[in-house]
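Residues per chain, in single letters:
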Amino acid sequence: MALADIQQLLQDFVPEMVDELKPEARDRAIEEARLRYSADLPRQLVEDVTWPATSVFGPAPVGWTDDARLVDVDLPGRVMSGQSTFFAVVRTLDGWMLESVDAIGAGSVVRVTYTLPHELDAGADSIPAAHRLAVSYYAAYLLCQQLATRFSSDSDSTLNVDMARNESRATAFSKRAKEYRTAYFTGTGQVDPFNEKLPANGLTAAAGVVSWPRRNPRHSLVSRGGL
């Protein structure tokens, strides 16, 4: 299971969490890593639905949830006529439904491509094996951030030697956090939006500008060949 693998990798990456953080911190970090990975690289599903009656409304995919996002809608076997049919997913009193601008004939099969967040728990997981290490890196980044914050704000001791030790540990954890964060983005084929290095062309990057991965809105209209 991916969860067990990630838990073990976290133990290897941040062994200090056992003594320095509450047990729930690891679970929260893994959950946040799942959400981050789901936002960056959501799992994609394809499902065929059958139009029950000639209408603009049809059933949403069985697997559709409130967190789903519409990617594509296709009418398999249809000859493209140059016209366009637009689809959206809408919430009705009966739940989520597909809506087309043009009426679709009864019995028509519509192929829906959509995304959902990844699963990661003791019962199910959808994190690809190739990205388990990267997801672990992101969770380790969050834990090291917590440790860096803890030691940088620890002012209980009045001994200079203890204060210096805490500052040193805070710096070390902050550095490790950045390394793990960059490892996550590299491992998932993305550019670290927080990377402070200059662009390859040597030009100064615009301050404060962060480019985030584009997310598909749930109610996107998808254009496909007409009936």
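Our structure's up above, just so we're on the same page.
Residues numbered from 1 in each chain as written. Predicted model: local features only at pLDDT ≥ 70, side-chain atom pairs only at ≥ 80, totals over all residues. Heavy atoms only, no water.

A short note on the sheet that holds strand β3 (residues 69-74)
Consideration 1: Spatially, β1-β6-β3 is the arrangement adopted by the three strands of the open sheet, whose pairing is antiparallel. Strands at the two margins of the open sheet, each flanked by one partner only, are β1 (43-50) and β3. Taken pair by pair, the neighbouring strands of this sheet meet at an average axis angle of 25 degrees, ignoring direction.
Consideration 2: Summarising the sheet, β1 and strand β6 (residues 109-116) pair through eight bridges and their orientation is antiparallel. Pairing of V46 across the sheet is with T113, part of β6. (Pairing = 2+ DSSP bridges. Helix = DSSP H or I, 4+ residues; strand = E, 2+ residues; numbered from the N terminus. Axes fitted to C-alpha atoms, helices over the stretch in contact; angles between N-to-C directions.)

Digging into the nonpolar core
For soluble globular proteins, the rule of thumb is that nonpolar side chains tend to be buried together.
Consideration 1: In this structure, L10, V14, I30, L120, L143 and Y180 are the most contacted members of the largest nonpolar core, which totals 33 residues.
Consideration 2: Within the residue set of this core, elements represented by two or more residues are α1 (2-13), α3 (23-40), α4 (132-152) and α5 (160-187).
Consideration 3: In terms of residue count, α4 provides more of this core than any other element does, 12 residues in total.
Consideration 4: Here L120 is in contact with A2, L3, I6, I30, R34, D125 and I127, once residues within four sequence places are set aside.
Consideration 5: In terms of nonpolar packing, the next biggest core, distinct from the first, is built from 17 residues, A60, L75, W96 and I104 among them. (Core = buried A, V, L, I, M, F, W, Y, C linked by side-chain atoms within 4.5 Å. Buried < 20%, exposed > 50% of the residue type's maximum accessible area, 1.4 Å probe, protein only. Contact = heavy atoms within 4.5 Å.)

A look at the packing of aromatic side chains
Consideration 1: On inspection of all chains with the given rule, the structure shows 10 aromatic pairs.
Consideration 2: Here the aromatic rings of Y138 and Y141 are separated by 5.2 Å at their centres, their planes lie at 65 degrees, and the arrangement is edge-to-face. A residue pair is termed a helical-turn pair when its members lie 3 or 4 positions apart in one helix, as Y138 and Y141 do in helix α4 at three residues.
Consideration 3: What makes Y138 buried here is its relative accessible area of 11%.
Consideration 4: One aromatic cluster is present, built from ring pairs that chain together Y138, Y141, Y184 and F185.
Consideration 5: Of note, R150 hangs over the ring of F151, and the distance from its end group to the ring centre comes to 6.0 Å. (Phe/Tyr/Trp six-rings, centres within 6.5 Å; stacked < 30°, edge-to-face > 60°. Lys NZ or Arg CZ within 6 Å of the ring centre and 35° of its normal.)

A look at the packing of α1 against α4
Consideration 1: Relative to each other, α1 and α4 sit at 50 degrees, their axes nearing to 9 Å. Between α1 and α4, the angle falls in the class oblique. Seen along the crossing, α1 lies across α4 with a hand that is right-handed. Residues A2, D5, I6, L9, L10 and F13 of α1 form the contact with α4, whose participating residues are R132, L133, V135, S136, Y137, A139, A140 and L143. (Parallel < 35°, antiparallel > 145°, perpendicular 65-115°, else oblique. Left-handed = near helix turned anticlockwise from the far one by under 90°.)

Brief notes about the environment of L9
Consideration 1: For L9, the location among the structural elements is in helix α1.
Consideration 2: Once the C-alpha coordinates of L9 and V135 are considered, the two residues, 126 residues apart in sequence, prove to be 9.9 Å apart.

As for the side chain of S38
Consideration 1: The residue S38 is located in helix α3 in this model.
Consideration 2: Overall, the relative accessible area of 7% leaves S38 in the buried class.
Consideration 3: Separated by 2.8 Å, the side chain of S38 and the backbone oxygen of R34 make a polar contact.
Consideration 4: Discounting residues that sit within four places of it in the chain, S38 has contacts with P117 and H118. (Polar contact = N/O pair within 3.5 Å; in protein donor to acceptor, adjacent residues only side chain to side chain.)

Digging into the pattern of salt bridges
Consideration 1: Going through the model one piece at a time under the given rule, you end up with 10 salt bridges.
Consideration 2: A salt bridge links D40 to R36; the shortest N-O distance between them is 2.9 Å. Here D40 pairs with R36, and both are found in helix α3, just four residues apart, close to one helical turn.
Consideration 3: Since its relative accessible area comes to 10%, D40 is described here as buried. (Salt bridge = Lys/Arg side-chain N within 4 Å of Asp/Glu carboxyl O.)

Distances and angles like these do not, on their own, reveal function.
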